[in-house]
Amino acid sequence: MADKVDLLISDLCDKWPDPPTVKNEPPTVDQPSSKTRFRFVHIADLRLKPPEFLIKPWLEKDTLSLSFGDPGCGKSFFAIDIAASVATGSDFHGMTVNQGPVIYIAGEGQNGIGRRFMAWSIVHGADLKTAPLYLSTVPLGLCDADQMQAAMDAVEEIAQIAGPSLLIVIDTVARNFGPGDENSTADMGRFIAAADQIRSLYHSAVHLVHHTGHGDKKRARGSMALKGAIDAEYRLDKDQDAIVRVKATKMKDAGLPEPMAFEIRGVDLPLKDADGDTVNSAVLHRVEYTQPAATTRKTGHALGINQRKALEILERLYVAERKSLMRQGIRPETARVSIERWGSKCKEAGMNRQTVHRIKASLESGGLIEIEDSHVIPL
């Protein structure tokens, strides 16, 4: 993390609305303990204590958790909702929240993520400008020793400024993986060890955002070593009616909480684009949970056929580009897909020029892709 960690939220623009004043007092968190020799204790000497939650009963302190889903299913919206709720102490859709410093390690698209945080601030009336919420300026390669040390240093710097972080979000696993292969048990083991090292520094909760498997949509992508290592796992699905369902699929030391359902609702931001049009973003709005219909489970989300196909093409091109860079010894986090190449592949899949143009515009406005000059990346 070349520039370490910057407080990016307050620097997004000078047009943030002025929500009500929110009192943010970083909680007291134990400092990292010094290394001790390996030893045994008698079971009668164990100090038992009830679980401590950041968000009860969904997210426990000092744990490694993961949420996963298809492109466009709302994974980042869910992670942003959690991060902003903890940073401000706002209730999470009626659930109790313990407030404290939050670090958000974003793989790509800081502008898009920043707009989503702004939308959350507007809807919830919570002041993120004064909240202990920190966003990375570059992705992190967790499998790279040098980058890991830089990340540890940056986390400690934030602790000196705002207090030890209660929550660290890594969005996504792929874009913060570093040199390695998600499908390799050994490489995934290094990634997990690095995430645990960050977690143990201040006993933070570390939450990973990940994609579904290419063949099996019911599990996260890559080596099964990841699921074995995490304490909690949540699957997100989006149906034909644009309902996002979040279901806990693993809780290591507790019962599974009740599933939740959301709509992704648009929010007008106090920003104008180059043409003078209002810039939009979106937030999650909780709705009543209902069981998905059988036809919904087959499709998984509400995108049109061509939109879904175009996103899948882009994801394949992005993964291929990452692997190509890795073979050349170049950091895979720098991967980009040219718009021309993506458009060409979409046309090969049966979409004409006008359709590709409409899809590109709709996916960008929907926050599912980010365009940088002549290149595009999936969010």
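None of the values given here were measured: they were computed from a predicted structure.

Right, let's get into the environment of Lys 247. Along the chain, the position of Lys 247 falls in strand 10 (residues 243–251). We classify Lys 247 as partly exposed; its relative accessible area is 41%. The spacing of Lys 247 and Pro 259 is 12 residues in sequence and 4.6 Å in space, taken between C-alpha atoms. Sequence-distant contacts of Lys 247, that is, excluding residues within four places in its chain, are made with Trp 58, Glu 233, Tyr 234, Arg 235 and Pro 259.

This brings us to the packing of aromatic side chains. According to the stated counting rule, one finds six aromatic pairs in the structure shown. Between the aromatic rings of Phe 38 and Phe 40, the centroid separation amounts to 5.2 Å while the plane-to-plane angle is 80°, which identifies the pairing as edge-to-face. With relative accessibility at 67%, the residue Phe 38 sits in the exposed group. Between Phe 78 and Phe 92 the ring centres are 6.1 Å apart and the planes differ by 70°, which places this aromatic pair in the edge-to-face class. With Phe 78 in helix 1 (residues 75–88) and Phe 92 in the loop between helix 1 and strand 5 (102–106), this residue pair connects regions lying 14 residues apart in the sequence. For Phe 78, a relative accessible area of 2% gives the class buried. By relative accessible area, which is 1% here, Phe 92 ends up buried. Each residue in the set Phe 78, Phe 92 and Phe 262 is aromatic and connected to the rest through ring pairs, giving one cluster. The cationic tip of Arg 175 hangs over the ring face of Tyr 318; the distance from NZ or CZ to the ring centre is 5.2 Å. Sitting over the ring of Tyr 289, Arg 245 keeps its end group 6.0 Å from the ring centre.

Cut-off values and rules
Residues numbered from 1 in each chain as written. Predicted model: local features only at pLDDT ≥ 70, side-chain atom pairs only at ≥ 80, totals over all residues. Heavy atoms only, no water. Helix = DSSP H or I, 4+ residues; strand = E, 2+ residues; numbered from the N terminus. Buried < 20%, exposed > 50% of the residue type's maximum accessible area, 1.4 Å probe, protein only. Contact = heavy atoms within 4.5 Å. Phe/Tyr/Trp six-rings, centres within 6.5 Å; stacked < 30°, edge-to-face > 60°. Lys NZ or Arg CZ within 6 Å of the ring centre and 35° of its normal.

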